[in-house]
Amino acid sequence: MTSTLPITVLVQTKNEEVGIAACLEALAEFDEVIVVDSDSTDRTGEIAEQHGAHVINFTWDGKYPKKKQWQLENVPTRNPWILFLDADETPSEELKAELHGYALPANPAAAIDVDLDYVFAGKILRHGHRVTKRCVVHRDRVRFPEMDDLDAPGMGELEGHYQPRATGIVLKARGRITHNDLDPVSSWFARHNRYSDWEAHLRARTAVRADIAKQRTLKGRLFDKLPAKPVAFFVYCYVARGGFLDGRAGFDYAAALAMYYWQIGLKYRELRRSDSPVLK
């Protein structure tokens, strides 16, 4: 019999009745599962409780802390180690086995970074661009940054694409998390349209952009300064990283993300041309 993982999973939800059951069914080995719901109007909470999860509601007050840092500060957990998951994510068996091997909670590390296996257009992408999330954390050794973004459109209650800052060693897992959004692809475009609003507004603020750059890896800082970023990203994702090996889904994903970077640039240039208060 597999032993219980001494980790509390905090699952982030808002109207996730389509995928929440599959997410929770993959978490049986974890000691505690808490669904942190943002005022869902569908059956998310009901389904979560049917699967044995404790449900806590979060209503954002428009200030910091945002949702994940609020959980670290306000949600009691049986374990100091936390796994942040979205409702469309499931940890692989390899990752769960690896987490057993980390000898938690005695491990002195502050966090563990995990790569995602992204499902796009119905196919798991094995190549191309790889998203890494700092999603396994010791609650007393990390903190999400507070940025000057409360009036920026497109993100709201979530910390956005900021990784939590760690006080201590950050490990890198070999196992992965599968990210499988069951909503139609139109929702992906709608979501990234909002994200590009947020990214463009932050880019237009010199001080905020510099602060964000400090938190990125060297690769991230170099990418941020690249000219012709949409073209550069497509070549990197589809050619250099072998996205073409994933067939049509690999092309569609590379093209969609290149378009996302094009949107950010276009919206940023519009802000620069306008008399926007963002730049003041």
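Residues numbered from 1 in each chain as written. Predicted model: local features only at pLDDT ≥ 70, side-chain atom pairs only at ≥ 80, totals over all residues. Heavy atoms only, no water.

**Regarding unusual backbone geometry**
Between Tyr64 and Pro65 the backbone carries a cis peptide bond, its omega angle lying at 5°. Following Leu104, the chain continues into Pro105 via a peptide bond in cis, with omega recorded as 5°. Of note, the phi angle at Asn15 is positive, near 55°, even though the residue is not glycine. For Asn15, a relative accessible area of 35% puts it in the partly exposed group. Phi is positive for Ala103, close to 55°, though the residue is something other than glycine. Locating Ala103 in the fold gives a position in the loop between helix H4 (93-101) and strand S6 (111-120). Residue classification places Ala103 among the partly exposed positions, given a relative accessible area of 45%. (Buried < 20%, exposed > 50% of the residue type's maximum accessible area, 1.4 Å probe, protein only. Helix = DSSP H or I, 4+ residues; strand = E, 2+ residues; numbered from the N terminus.)

**A short note on the side chain of Arg130**
In this fold, Arg130 is placed in the loop between strand S7 (123-124) and strand S8 (132-138). In this structure the side chain of Arg130 is engaged in a polar contact, spanning 2.8 Å, whose partner is the side chain of Asp117. Setting aside its immediate chain neighbours within four residues, Arg130 contacts Asp115, Leu116, Asp117, Tyr118, Leu125, Arg176 and Arg241. (Polar contact = N/O pair within 3.5 Å; in protein donor to acceptor, adjacent residues only side chain to side chain. Contact = heavy atoms within 4.5 Å.)

**Overview of the pattern of salt bridges**
Taken as a whole and judged by the stated rule, the model has 20 salt bridges. Between Glu146 and Arg143 there is a salt bridge, and its shortest N-O distance comes to 3.6 Å. Note on Arg143: relative accessible area 39%, which makes it partly exposed. It is possible to trace a salt-bridge network through shared partners that takes in Asp117, Arg126, Arg130 and Arg176. (Salt bridge = Lys/Arg side-chain N within 4 Å of Asp/Glu carboxyl O.)

**Re the packing of helix H5 (residues 185-203) against helix H9 (residues 247-273)**
Contact geometry for H5 and H9: axes closest at 8 Å, N-to-C directions at 40°. In terms of orientation, H5 lies oblique with respect to H9. Two packed elements cross with a definite hand, and for H5 against H9 that hand is right-handed. Two secondary-structure elements touch here, H5 through Trp188, Phe189, His192, Asn193, Tyr195, Ser196, Asp197, Glu199, Ala200, His201 and Arg203 and H9 through Ala256, Leu257, Tyr260, Gln263, Ile264, Gly265, Lys267, Tyr268 and Leu271. Residue composition of the contact of H5 with H9, grouped by class: 10 nonpolar, six polar and four charged. (Axes fitted to C-alpha atoms, helices over the stretch in contact; angles between N-to-C directions. Parallel < 35°, antiparallel > 145°, perpendicular 65-115°, else oblique. Left-handed = near helix turned anticlockwise from the far one by under 90°. Nonpolar A, V, L, I, M, F, W, Y, C, P; charged D, E, K, R; others polar.)

**Observations regarding H4**
What H4 keeps buried is the set Leu95, Lys96, Glu98 and Leu99. Seen along its axis, H4 keeps its buried residues to an arc of 160°; they face one direction. With respect to the buried face of H4, the exposed residues turned more than 90 degrees away are Glu93 and Gly101. Looking at the buried side of H4, the elements it contacts are strand S1 (5-13), strand S2 (30-37), strand S5 (89-91), S6, S8 and strand S11 (170-179). (Arc of directions from axis to C-beta.)

**Describing the nonpolar core**
Ranked by size, the top nonpolar core spans 43 residues in total, and within it Val11, Leu24, Leu27, Leu83 and Leu99 carry the most contacts. If we ignore the near neighbours within four places in the chain, the residues touching Leu83 are Ile7, Thr8, Val9, Leu10, Phe30, Cys135, Val136 and Ile177. Counting 25 residues, the second largest nonpolar core, distinct from the first, contains Phe120, Phe233, Ala249 and Leu257. (Core = buried A, V, L, I, M, F, W, Y, C linked by side-chain atoms within 4.5 Å.)

**Examining the pairing of S8**
Counted residue by residue, S8 has five buried out of seven residues, so it is predominantly covered. In this sheet, S8 lies alongside strand S4 (residues 81-86) in antiparallel orientation, the contact comprising three bridges. Looking at S8, one finds that Ile82 is bridged to Val137. Two strands pair when backbone bridges link them, and S6 and S8 are joined in this way by five bridges, in the antiparallel orientation. Across the sheet, the residue bridging to Asp113 is Arg134, located in S8. (Pairing = 2+ DSSP bridges.)

**Section: the packing of aromatic side chains**
A full pass over the atoms with the stated rule returns 14 aromatic pairs. Grouping aromatic residues by their ring pairs yields a cluster made of Tyr118, Phe120, Trp188, Phe189 and Tyr253. (Phe/Tyr/Trp six-rings, centres within 6.5 Å; stacked < 30°, edge-to-face > 60°.)

**Digging into the packing of helix H8 (residues 229-240) against H9**
Helix packing for two helices is described by the angle between their axes and how far apart those axes are. Put simply, H8 and H9 touch, their axes get as near as 8 Å, and they point 155° apart. Between H8 and H9, the angle falls in the class roughly antiparallel. Of the two possible hands of crossing, H8 and H9 adopt the one that is right-handed. On the side of H8, the interface is formed by Lys229, Pro230, Phe233, Phe234, Cys237 and Tyr238, while H9 contributes Gly250, Phe251, Tyr253, Ala254, Ala255, Leu257, Ala258, Tyr261 and Trp262. For the contact of H8 with H9, the residue count by class is 13 nonpolar, one polar and one charged.

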